[in-house]
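# Survey of secondary and tertiary structure
These are the residues of each chain, in order.
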Amino acid sequence: QPQLVESGGGLVQSGGSLRLSCVGSGYAFEYYTIGWFRQAPGKERQWIGAIDDNDKSTYSESMKGRFTISRDNYEKTAYLQMDNLKPEDTGVYYCARNDYRFYGRGDADPKKYDTWGQGTQVTVST
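Cut-offs used in this document
- Residues numbered from 1 in each chain as written.
- Predicted model: local features only at pLDDT ≥ 70, side-chain atom pairs only at ≥ 80, totals over all residues.
- Heavy atoms only, no water.
- Disulfide = S-S within 2.5 Å.
- Helix = DSSP H or I, 4+ residues; strand = E, 2+ residues; numbered from the N terminus.
- Buried < 20%, exposed > 50% of the residue type's maximum accessible area, 1.4 Å probe, protein only.
- Salt bridge = Lys/Arg side-chain N within 4 Å of Asp/Glu carboxyl O.
- Polar contact = N/O pair within 3.5 Å; in protein donor to acceptor, adjacent residues only side chain to side chain.
- Contact = heavy atoms within 4.5 Å.
- Phe/Tyr/Trp six-rings, centres within 6.5 Å; stacked < 30°, edge-to-face > 60°.
- Lys NZ or Arg CZ within 6 Å of the ring centre and 35° of its normal.

## Looking at the state of the cysteines
- For the coordinates displayed, the defined rule picks out 1 disulfide.
- A disulfide bridge connects C22 with C95, and the sulfur atoms are separated by 2.1 Å. Between C22 and C95, the disulfide has an S-S torsion of 75° and is therefore right-handed. One end of the pair, C22, is in strand β3 (residues 18-25); the other, C95, is in strand β9 (residues 91-98), and 73 residues separate them in sequence.
- C95 sits in the buried class, given a relative accessible area of 0%.

What follows is the structure, encoded as structure tokens:
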């Protein structure tokens, strides 16, 4: 069965950086788009961006400039590099595998993803 496991979250001061990792197993990792999402308490899941099987990354316009997504298919790992973090970035961060039926469309919609990691907490202090 396909599985995704996030790691790398923690407590960081405002202006700091973190790199999150997402390790896939149980499927052909290199053939699927991976999305990154976050969820703050009391709010809906928010799309950060995604990276497809051709290493093309797309991002939410609200995230432009501070977050960078990459992948290493040999390591079966996707990454989310986060720079200049702000308190409003606090939340649980998830990676997810895009359902192949929606390839090329719907990357920003959580309902278009069929496998999710457990999430990793990111807390940004002032």
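## Some details on the pattern of salt bridges
- The full count for this structure, using the stated rule, is 5 salt bridges.
- Residues R38 and D89 are paired through a salt bridge, measuring 2.8 Å at the closest nitrogen-oxygen approach. One end of the pair, R38, is in strand β4 (residues 34-39); the other, D89, is in the loop between β8 (77-82) and β9, with 51 residues separating them in the sequence. As far as the burial class goes, R38 and D89 line up, both buried.
- A salt bridge links R66 to D89, with the nearest nitrogen and oxygen atoms 2.8 Å apart. Placement of R66 in the loop between β6 (57-59) and β7 (67-72) and of D89 in the loop between β8 and β9 is noted, with a sequence separation of 23 residues between them.
- What makes R66 buried here is its relative accessible area of 15%.

## Some words on the side chain of T77
- The topology assignment puts T77 in strand β8.
- Assessed through its relative accessible area of 6%, T77 is described here as buried.
- In terms of polar contacts, T77 uses its side chain to reach the backbone carbonyl oxygen of E75, at 2.9 Å.
- Discounting chain neighbours no more than four positions away, the residues touching T77 are S21, C22, V23, F29, R71 and D72.

## What about the packing of aromatic side chains?
- This structure, assessed with the given rule, holds 6 aromatic pairs.
- Measuring from ring centre to ring centre gives 6.1 Å for Y27 and F29, while their planes differ by 45°; the resulting arrangement is tilted.
- Looking at F29, the relative accessible area reads 0%, which means it is buried.
- Look at F37 and Y113: their rings are 5.0 Å apart centre to centre, the planes differ by 85°, and that puts the pair in the edge-to-face class. Of this pair, F37 sits in strand β4 while Y113 sits in strand β10 (residues 113-116), placing them 76 residues apart in sequence.
- Taking relative accessible area as the criterion, F37 reaches 0% and is therefore assigned buried.
- Through a chain of ring-to-ring contacts, three or more aromatic side chains come together here, namely F37, Y94, Y113 and W116.
- Positioned above the aromatic ring of Y32 is the side chain of R97, whose terminal nitrogen or guanidinium carbon lies 4.2 Å from the ring centre.

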